[in-house]
Amino acid sequence: MAISWNKNLETGIQIVDSQHKSLVDKLNEFFEACIQKKGKEELMDMIKFLESYVVFHFKTEEDIMQRNKFPGYLKHKAMHDDFIKEFLKIKDRFEKEGTTIELVNNTTKFLTNWLIEHISKVDKQLGNLK
Ligand SMILES: [Fe+2]
């Protein structure tokens, strides 16, 4: 399973779109590494990288919203914060349980669905901000 980039995911804000593309690439690399049953250390490194990239990326979007006094800022930020909480739970489970099929499947589904849903419905509202 991999996320494929398509026009429907474009927000029209160049920096946001290029970060989203990098995020999709990094997620696909992670999914591939799970399928190939790479070692725990390698997967944990990827998870830690994804975590820091997501935090950095959310900050970019939040800065754009704040600069533009975007009315939906708090609601959007709350979604980012909830995602980070879920992501930290996943990280914790990988750390403790290793790569079980159940965990890999749930994680892949959750990350793919959340990202596509969030980008196509929520981030798109940022389209006319600078
Ligand atoms: Fe967002």
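Before any of the text, the structure's been laid out above.
This one's a predicted model, so the numbers in the text were calculated from it and none came from an experiment. (Residues numbered from 1 in each chain as written. Predicted model: local features only at pLDDT ≥ 70, side-chain atom pairs only at ≥ 80, totals over all residues. Heavy atoms only, no water.)

> Mind laying out the side chain of His76, listing which residues take part and the relevant values?
Here His76 shows up in helix H3 (residues 73-97). Looking at His76, its side chain comes within polar contact range of the side chain of Glu61, at 3.3 Å. Non-local contacts of His76, meaning those with residues more than four positions away in its chain, are made with Glu61, Met65, His118, Val122, Asp123 and Leu126. (Helix = DSSP H or I, 4+ residues; strand = E, 2+ residues; numbered from the N terminus. Polar contact = N/O pair within 3.5 Å; in protein donor to acceptor, adjacent residues only side chain to side chain. Contact = heavy atoms within 4.5 Å.)

> Lay out the side chain of His118 with the relevant residues and their values.
Here His118 shows up in helix H4 (residues 101-122). A residue is classified by how much of its surface remains accessible, and His118, at 4% relative accessible area, is buried. Here His80 takes part through its side chain, which lies 3.2 Å from a polar atom of the side chain of His118. The contact partners of His118, leaving out residues within four places of it in the chain, are Glu61, His76, Met79, His80 and Asp123. (Buried < 20%, exposed > 50% of the residue type's maximum accessible area, 1.4 Å probe, protein only.)

> Describe in detail the pattern of salt bridges, supporting the description with residues and values.
Pairing between side chains of opposite charge can happen when the charged atoms of each approach one another. Within this structure, the stated rule accounts for eleven salt bridges. Lys121 is paired through a salt bridge with Glu117; the nearest N and O atoms lie 3.0 Å apart. Placement of the pair is Lys121 and Glu117 together in helix H4, with a separation of four residues, close to one helical turn. Glu117 gets classed as partly exposed once you look at its relative accessible area, which sits at 42%. Several salt bridges converge on common partners, so that one network encompasses Arg93, Glu97 and Glu102. (Salt bridge = Lys/Arg side-chain N within 4 Å of Asp/Glu carboxyl O.)

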